[in-house]
Amino acid sequence: MVKKIGLAKYRETLKDPKVIGVSILIMALIAWLFYRSFVAIIIYPVILFCCVYYFYEVNSEKRREKVLTEFREMLRIICSELRSGHSLENAVMILDREIINVSGEKAVILPGIKVMKKKLDLQKPVEQAITDFSNVYDYEEIRNFAYTISYAKRLGGNYIKNISNTAEKIEKRLEMKQDIRTQLAEKQFEMKIMGVMPLLILLYIGFTSYEFIEPLYHNFMGVMIMTGSLILYALCLYIAKRIVTIEY
């Protein structure tokens, strides 16, 4: 699969009305809290890019979790069929029906499974069909599984046992990542609360004791201080998000 480069991969996210709405809301909030002037709208392109990048990463992570969750079910189905004495080809041929029963018609990996089935109908080798599947859903766990099948088919021997063992190892790895995500959920929530607190404090002071922060607005030195604070705030948010994000 040829990977998209540059800004092309963000195009779909940029078309999302939610992204545009959130970026406008954030821009209005920054313009009022940090500058008390809508002249600050000149930094909107930066805000828009940050929002697009954030939502793209969030959507990509959600898709990844969904794909790997469905892939785990796919491994269970394959292993069950192999233990029942069926061939790998037969296990792949029933995957679409089984995945629909588990994840529904909107399963992310369903189109890839149907393509695999069509290739088997055309008498393509099952290892080649699974390798092509791994190229579409380009994740390490799926690539490893495809490599194991290709390697086992090529060398022969008790490949069914090797495939089953590999599938079990991959499933355990996915379960471990799920446990880590569960443990990090509380920290991620705390990070979001801490990220909002500076804005709430600035909002509270602006409404109750505006005279204390009035010198920070409508003058060159104040604009520089508030701009520096905004940059530092954004940097802290980025670092905090990186700390509580699982790297695959």
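Source: prediction; values computed, not measured. (Residues numbered from 1 in each chain as written. Predicted model: local features only at pLDDT ≥ 70, side-chain atom pairs only at ≥ 80, totals over all residues. Heavy atoms only, no water.)

(A) Structural detail: the overall build of the protein chain. The secondary structure content of the protein chain amounts to 11 helices and 0 strands. For the protein chain, the succession of helices and strands along the chain, N to C, is α-α-α-α-α-α-α-α-α-α-α. Relative to the 2.2 N^0.38 estimate, which gives 18 Å for 248 residues, the radius of gyration of the protein chain is 25 Å and therefore markedly larger than a compact globule would have. Projected onto its principal axes, the C-alpha positions of the protein chain cover 80 × 35 × 30 Å. Put simply, 68% of the contacts in the protein chain that link residues at least 6 apart link residues at least 24 apart. Roughly 15,600 Å² of accessible area belongs to the protein chain as shown, and the carbon and sulfur atoms make up 64% of that amount. (Helix = DSSP H or I, 4+ residues; strand = E, 2+ residues; numbered from the N terminus. Rg over C-alpha atoms; globule rule 2.2 N^0.38 Å. Contact = heavy atoms within 4.5 Å. Areas by Shrake-Rupley, 256 points an atom, 1.4 Å probe, with all protein chains shown as cover.)

(B) Expanded view of the packing of helix H3 (residues 44-83) against helix H5 (residues 95-103). One way to put it is that H3 packs onto H5 with a least axis distance of 10 Å and a crossing angle of 130°. By the angle class used here, H3 and H5 are oblique. For the pair H3 and H5, the crossing hand works out as right-handed. Touching Glu70, Glu73, Met74, Ile77 and Ile78 of H3 are Leu95, Glu98, Ile99, Val102 and Ser103, all from H5. A class-by-class count of the residues in the contact of H3 with H5 yields 6 nonpolar, 1 polar and 3 charged. (Axes fitted to C-alpha atoms, helices over the stretch in contact; angles between N-to-C directions. Parallel < 35°, antiparallel > 145°, perpendicular 65-115°, else oblique. Left-handed = near helix turned anticlockwise from the far one by under 90°. Nonpolar A, V, L, I, M, F, W, Y, C, P; charged D, E, K, R; others polar.)

(C) Spotlight on the pattern of salt bridges. Using the criterion set out here, one finds 6 salt bridges in the structure. Taking the shortest distance from any N to any O, the salt bridge between Glu73 and Arg76 comes out at 3.0 Å. In this pair, Glu73 and Arg76 both sit in helix H3, 3 residues apart, roughly one turn of the helix. When its relative accessible area of 19% is taken as the criterion, Glu73 is described as buried. (Salt bridge = Lys/Arg side-chain N within 4 Å of Asp/Glu carboxyl O. Buried < 20%, exposed > 50% of the residue type's maximum accessible area, 1.4 Å probe, protein only.)

Limitation: the analysis is restricted to geometry and does not speak to function.
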